[in-house]
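Here is how the chains run, residue by residue.
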Amino acid sequence: MILEARDVRHFYGAFRALDGVTLGIEPGQFVSIIGPNGAGKSTLVNVLTGLLHPASGTVRFDGRDIRGVGPVRLARLGLARSFQLVQIFPDLTVLETLQAAVLSRRGRARWILASLQADGEVRRDAEYVAELFGLAGRLHAPSRTLPQGDKKLLDVAAAFALRPRVILLDEPTSGVSTRDKTAVMEMLVRASRGVGVEAILLVEHDMDIVFGYSDRIVALQQGRILADTTPAGLRADAEVLAAMVGRPPQPSAGDRAPGAGGRARPAGS
């Protein structure tokens, strides 16, 4: 088990956002978390990535207690989520944004501005990630000038530049046209193999994406896990589907069985 939460609870005042959540991620898995607004998805993500210290329960990454350690330290340990560097440093170019992530991974964040132009290895690493995400032609564009879809890609690419073992993707196709969502997801899973990601945790509302790419789907409702199953298992559970999406989604040509060929898998698979 590379990432594990056991009996996690978290409160906002009297409101119980997470109520005894237990979840484990194995190397090689692509796991999606779904649920209606207020189900506890954001709180769970923040607990898993060290932003929140749960009221009770344990969270371990590769056997290490990571409760409340913070996303920067956690990224150095090998678990990353989007840094949103585009919002933090809007005047940095695409290349500089990715270099900043590479330097952060190497524990040199305090010297970021002085080091961006000086380290050829850092530049090559950043350029490799830009190529994986189709951003090689925009290396010198200020991130604030990118179209919204490319800003989202850059944000995710910065997380991949950390070269994590496990990556959490929080609605990576939001702001992307329906036509382009599959292309974006194909890029993400291909990039995961390119940088050695072992497992992917996805938070997503688009059920076509969820069913098309997941090995497991974890359904949250009112802070509890309603189901933890395969895409086929979720399709067969009309009650859970109704709670998640209101009606069973229709099969599409892009659906696949877990682990079936055609899609790139995380490097640990």
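Residues numbered from 1 in each chain as written. Predicted model: local features only at pLDDT ≥ 70, side-chain atom pairs only at ≥ 80, totals over all residues. Heavy atoms only, no water.

Draft legend 1. Molecular detail of the pattern of salt bridges. The tally for this structure, following the rule as stated, stands at 16 salt bridges. What you see here is one network of salt bridges that share partners, running through Asp7, Arg9, Arg16, Asp19 and Arg224. (Salt bridge = Lys/Arg side-chain N within 4 Å of Asp/Glu carboxyl O.)

Draft legend 2. Representation of the pairing of strand S7 (residues 166–170). In terms of burial, S7 is largely enclosed, as four of its five residues are buried. Inspection of the sheet shows strand S6 (residues 79–81) paired to S7 by three bridges, in the parallel sense. Along S7, the bridge assignment pairs Ala80 with Ile167. Note: S7 against strand S8 (residues 199–203), five bridges, orientation parallel. For Ile167, the partnering residue across the bridge sits in S8 and is Ile200. What joins S7 to S8 is helix H8 (residues 178–194), and the crossover it makes is right-handed. (Buried < 20%, exposed > 50% of the residue type's maximum accessible area, 1.4 Å probe, protein only. Helix = DSSP H or I, 4+ residues; strand = E, 2+ residues; numbered from the N terminus. Pairing = 2+ DSSP bridges. Right-handed = clockwise from strand over helix to strand, strands pointing away.)

Draft legend 3. Representation of the packing of helix H4 (residues 94–105) against helix H6 (residues 120–132) in the model. Viewed as axis vectors pointing N to C, H4 and H6 meet at an angle of 120°, and their least axial separation amounts to 8 Å. Crossing hand, H4 versus H6: right-handed. In this structure, H4 contributes Leu95, Leu98, Gln99, Val102, Leu103 and Arg105 to the contact, and H6 contributes Val122, Arg123, Asp125, Ala126, Glu127, Val129 and Ala130. Across the contact of H4 with H6, the residue classes break down as eight nonpolar, one polar and four charged. (Axes fitted to C-alpha atoms, helices over the stretch in contact; angles between N-to-C directions. Left-handed = near helix turned anticlockwise from the far one by under 90°. Contact = heavy atoms within 4.5 Å. Nonpolar A, V, L, I, M, F, W, Y, C, P; charged D, E, K, R; others polar.)

Draft legend 4. Representation of the sheet that holds strand S4 (residues 56–61). With antiparallel pairing, four strands are arranged side by side in an open sheet as S2-S1-S4-S5. A single partner strand is all that each edge strand has here, and the edge strands are strand S2 (15–25) and strand S5 (64–65). Two strands pair when backbone bridges link them, and S4 and S5 are joined in this way by two bridges, in the antiparallel orientation. Each residue of the ladder has a partner; that of Phe61, found in S5, is Arg64. Where helix H1 (residues 41–48) meets the sheet, it contacts strand S1 (3–12), S2 and S4, and its direction lies at approximately 55° from that of S2.

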